[in-house]
Amino acid sequence: MTTLVPDSDTLTRDALAVLQPTFAGTTTAPDWLLRQLENGMTGVGLFGRNVVSTAQLADLTAQLRAVRPDVLVAMDEEAGDVTRLERLGGSSFPGNLALGSVDDPELTRAVATRIGRRLAAAGITVNWAPSADVNSDPGNPVIGVRSFGQDPELVARHTVAFVQGLQSAGVAACVKHFPGHGNTNVDSHLALPRIDIDLGTLHQRELVPFKAAIAAGSRCVMSAHILIPALDPDRPGTLSPAVLTGLLRAPAAQGGLGYDGVIYSDAIEMKAVADAYGLDRGCALAVAAGADAICVGGTPSDEAEVLRLRDAIVRAVREGELTEERLHDAAERVRALARWTAEARAQAPADEPDDDTIGFDAARRALRITPAAGAAPFQPLTRAPYVAAFTPVANIAAGTQTPWGVATELDRLLPGTRAGDHTHADAERAGIEGLVAEVLAAAGDRPVVAVVRDAHRHPWMTEVLTALLAARPDTVVVEMGVPHAPPTGALHVATHGAARVCGRAAAEVIAGREAVR
C-alpha cells in the first residue's frame, strides 16, 4: 500500500512504536514482524495460538530479541482460567479468586513470582495481569473468577502482592481493567458496558486496587472499554481523555491518581470500541485520550493492517485530531518501558527448578467444602463415578481450548471414571427432566459428580441440579466458578476457579486421598 510518509520519518516511527500487534497461529516470528521491529515497532503480543512449549516460546522470543534486544513481548498469563503458557493442559496455578479466598498475600506474591519466572524463562517481558477489578456484580460474565473478590481492600492487597511478585522476576505487571470492569453484566468483547455509579462509589470501590497498584510501582495499567457516565457520558474509558488523562494521569491534587507509567489499551478490536469507531479511528482516539501502547489483541494482525493503523495515527496528527507531542510522549513512554524490561531481565534472579507444588498447595487451600445439612458425614467415593459437566458458553478471555473439570483427575484416583458434557443446548433440546434422564442413564449405578461453573448465572444449570439432586441426593456438586449460589449436594466443593490444579484438589477430596503428582 502507499504510505503517507517514509519509514524513516520520526512521526511514522512514533506511530509504529505505540502499536503492539499480535500475529496468526504460528510458532515462529513472521518476516513482516521482524521487518517492522527494525522500522521502529517496539513490541508484540502473544497468545496461546503462538505457544507449543516453553522451549519453543523461548526460541520465538529470541528471534524477536535478535532484531530488537529490548523488544516488549506481552502475554496475558493470569493463570487460573486464563492461561496461555498452559493453554492445552490447564494452569498449574489457581487464579485470582482462589488466591483471594485464601487471603494470604504472601502466597499470592509467591505464586506471582513463580508465574513471572516462567514468563521470564520464555522471554516474556510484560504480563497483562493481574485483574484489579472488584467483582461487585455477581452476574459479571467476563471477570468473575479473574477477580480476587468483591471487597476493594482485599482486591487491593492481592493486586499489590501479584504486582510485586511479577516484577521481582523482571516481568512488568499490567493491572487491568481501569477504571474497573467488575460492576457490569456485559462483556466488552461483545458490546459496550455502561456502569452507572457516582464518583464517590468509584473512588471507594473500583479505584481502590488501582491506587494501591500504582503506589506499589506497577509498570503498566490497562484501560477498559467501559462507559462510566459520571466520568464521560460519551466515550468508553480507552478513548476518553477524562478517564485516562483527567483521572489516571492527573495528580492527586487535581483529583487524579498521578500515574506516570505506561497505559496499555485493552484489545482495540473488541466490539465495545471497534463496532462504534473502527480500528483505525479507535487507535488514534486512544492515543489522543492518553493511551501509550495500543494492543491489537485477540484478532491476529498482518503487515497490511499494521501499516494501515500506523498511517491512521499519522493521519490523525496531520488532521489535528492527535497532537504530535502526545504521540511522541506515548512512544517515549513505551520505549522507556522497553529499556526497563531489558534491564530487569538482566538483573532478575536465576530461575529455580520448576514444579507446581506452590500452585497445587494454593488450590488446596482455596477449597471450600460443605457437607449436606443434617446428613451423615460424607464418605469419599471408592468406585469410579460418572462426572456430569454442565458446561456454559466459554468466557472469551479464557477461550475454548483449555480443559476444565474434575474427570481427568478423578480418573487418576478412581480408574474407569466416565464423563459427559451437558450444555444449555442439550437442556433446550431435551428439556430439564429429559436432560436429567440422560445423565442418569449415562451414570447407571455409578456415583454421580456434577460439575458446574457459575451456576448462579445460568438458570438452566440450577434447574438441572435441582432435578438431579431430587433423583440422586447422593450427588457430589463441584462449583468451579464464583460460588454465589447456595451449596447443594451430598457434598459441595467450591474450588474458586477451573484451573487444572483446582480440579486436582477437588478430586482429592471426593476420592478421599491425595492425587498422584
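Residues numbered from 1 in each chain as written. Predicted model: local features only at pLDDT ≥ 70, side-chain atom pairs only at ≥ 80, totals over all residues. Heavy atoms only, no water.

Caption draft 1: Up close: the overall build of the protein chain. When you go through the protein chain residue by residue, the secondary structure sums to 16 helices and 14 strands. The C-alpha radius of gyration of the protein chain comes to 23 Å, within 12% of the 24 Å expected for a compact globule of 517 residues. C-alpha atoms of the protein chain, sized along the principal axes, occupy 75 × 50 × 40 Å. The buried share among the 517 residues of the protein chain stands at 60%. Restricting the contact set of the protein chain to residue pairs at least 6 apart, pairs at least 24 apart contribute 78%. Approximately 18600 Å² of the protein chain is accessible, and the part contributed by carbon and sulfur atoms is 52%. Separation of charge centres in the protein chain, based on 46 positive and 62 negative side chains, amounts to 3 Å. (Helix = DSSP H or I, 4+ residues; strand = E, 2+ residues; numbered from the N terminus. Rg over C-alpha atoms; globule rule 2.2 N^0.38 Å. Buried < 20%, exposed > 50% of the residue type's maximum accessible area, 1.4 Å probe, protein only. Contact = heavy atoms within 4.5 Å. Areas by Shrake-Rupley, 256 points an atom, 1.4 Å probe, with all protein chains shown as cover. Lys, Arg positive; Asp, Glu negative; His and termini not counted. Charge placed at Lys NZ, Arg CZ, Asp CG, Glu CD.)

Caption draft 2: Structural view of the packing of helix α1 (residues 10-18) against helix α11 (residues 324-347). The geometry of α1 relative to α11 is characterised by a closest axis approach of 8 Å and an angle of 55° between their N-to-C directions. Of the possible angle classes, the one that applies to α1 and α11 is oblique. Note on packing geometry: the crossing formed by α1 with α11 is left-handed. Contacts between α1 and α11 involve Leu11, Arg13, Asp14, Ala15, Ala17 and Val18 on the former and, on the latter, Glu324, Leu327, His328, Ala330, Ala331, Val334 and Arg335. (Axes fitted to C-alpha atoms, helices over the stretch in contact; angles between N-to-C directions. Parallel < 35°, antiparallel > 145°, perpendicular 65-115°, else oblique. Left-handed = near helix turned anticlockwise from the far one by under 90°.)

Caption draft 3: Looking closely at helix α3 (residues 54-67). Along its 14 residues, α3 runs 20 Å from first to last C-alpha, staying within 8% of the 20 Å computed at 1.5 Å per residue. Here the buried face of α3 lies against β1 (19-23), α2 (31-39), β2 (43-45), β3 (72-75) and α11. (Expected span 1.5 Å × (residues − 1).)

Caption draft 4: The arrangement of the packing of aromatic side chains in detail. Applying the stated rule across the entire model yields 5 aromatic pairs. Between the aromatic rings of Phe47 and Trp128, the centroid separation amounts to 6.2 Å while the plane-to-plane angle is 45°, which identifies the pairing as tilted. Placement of the pair is Phe47 in the loop between β2 and α3 and Trp128 in the loop between β4 (126-127) and α6 (152-168), with a sequence separation of 81 residues. Taken individually, Phe47 and Trp128 each receive the classification buried, so the pair is uniform in this respect. The rings of Phe47, Trp128 and Tyr264 are connected pair by pair, giving a single aromatic cluster. In this structure, Arg364 is placed above the aromatic ring of Phe360, and the distance from its NZ or CZ to the ring centre is 4.4 Å. Sitting over the ring of Trp404, Arg453 keeps its end group 4.7 Å from the ring centre. (Phe/Tyr/Trp six-rings, centres within 6.5 Å; stacked < 30°, edge-to-face > 60°. Lys NZ or Arg CZ within 6 Å of the ring centre and 35° of its normal.)

Caption draft 5: Representation of the side chain of His458 in the model. Within the secondary structure, His458 sits in the loop between β12 (448-452) and α15 (459-471). If we skip the residues at most four places from it in the chain, His458 touches Pro392 and Arg453.

Caption draft 6: Focus on the sheet that holds β4. Strand order in the open sheet formed by 6 strands is β2-β3-β4-β5-β6-β7, and the pairing between neighbours is parallel. In this open sheet, the two strands that pair with only one neighbour each are β2 and β7 (262-264). Bridge count between strand β5 (residues 172-178) and strand β6 (residues 220-223): 3 bridges; the pairing is parallel. Bridging from a neighbouring strand, Cys174 pairs with Cys220 of β6. The sheet strands contacting α6 are β4 and β5, and the helix crosses β5 at an angle near 150°. Helix α7 (residues 199-215) contacts β5 and β6 of the sheet and is inclined by roughly 160° relative to β5. (Pairing = 2+ DSSP bridges.)

Caption draft 7: Expanded view of the sheet that holds strand β10 (residues 386-391). Strand order across the open sheet formed by 6 strands is β9-β14-β13-β12-β10-β11, with mixed pairing between neighbours. The open sheet has two edge strands with one neighbour each: β9 (368-371) and β11 (418-423). Strand-to-strand twist in this sheet, taken as the mean axis angle between neighbours without regard to direction, amounts to 20°. As judged from the 4 bridges shared by β10 and β12, these two strands associate in the parallel manner. Its bridge partner lying in β12, Ala389 is registered against Val451. Along the sheet, α15 makes contact with β10, β11, β12 and β13 (476-479), crossing β10 at roughly 155°.

Caption draft 8: View of the environment of Asp361. Here Asp361 is to be found in helix α12 (residues 357-366). Residues Asp361 and Val501, spaced 140 residues apart in sequence, show a C-alpha to C-alpha distance of 8.7 Å.

Caption draft 9: Inspection of helix α14 (residues 424-443) at higher detail. Helix length check: α14 (20 residues) gives 19 Å between terminal C-alpha atoms against 28 Å at 1.5 Å per residue, more than 12% under. For α14, the principal kink sits at Gly431 and spans about 105°. What α14 keeps buried is the set Asp426, Ala427, Ile432, Leu435, Val436, Val439 and Ala443. Its buried side turned inward, α14 meets β10, β11, β12 and α15. Two residues or fewer after α14 comes Gly444, characterised by a positive phi angle close to 60°. (Bend = angle between axes of the 7 residues up to and from the residue.)

Caption draft 10: The pattern of salt bridges, seen in detail. Enumeration over the complete set of coordinates arrives at 30 salt bridges. As a salt-bridge pair, Arg500 and Glu86 come within 3.5 Å of each other at their nearest N and O atoms. With a gap of 414 residues between them, Arg500 in helix α16 (residues 500-511) and Glu86 in the loop between β3 and α4 (96-102) connect regions that are remote in the sequence. Owing to a relative accessible area of 21%, Arg500 belongs among the partly exposed residues under this scheme. When its relative accessible area of 18% is taken as the criterion, Glu86 is described as buried. Where Glu106 meets Arg109, a salt bridge forms, and the shortest distance between an N and an O atom there is 2.4 Å. One end of the pair, Glu106, and the other, Arg109, are both in helix α5 (residues 105-121), 3 residues apart, so they sit about a helical turn from each other. (Salt bridge = Lys/Arg side-chain N within 4 Å of Asp/Glu carboxyl O.)

Caption draft 11: Structural view of the environment of Gly434. Counting through the fold element by element, Gly434 comes out in helix α14. Take Gly434: its relative accessible area is 24%, and that puts it in the partly exposed class. Between the C-alpha atom of Gly434 and that of Val464, which follows or precedes it by 30 residues, the distance is 9.6 Å.

Caption draft 12: Spatial organisation of the packing of α1 against helix α10 (residues 303-318). Relative orientation of the contacting elements α1 and α10 amounts to 125°, with a least axis distance of 9 Å. Judged by the angle between their axes, α1 and α10 are oblique. At the point where α1 passes α10, the crossing takes the right-handed sense. On α10, the residues that touch Leu11, Thr12, Ala15, Leu16 and Val18 of α1 are Val306, Arg310, Ile313, Val314, Val317 and Arg318. Looking at side-chain class alone, the contact of α1 with α10 contains 8 nonpolar, 1 polar and 2 charged residues. (Nonpolar A, V, L, I, M, F, W, Y, C, P; charged D, E, K, R; others polar.)

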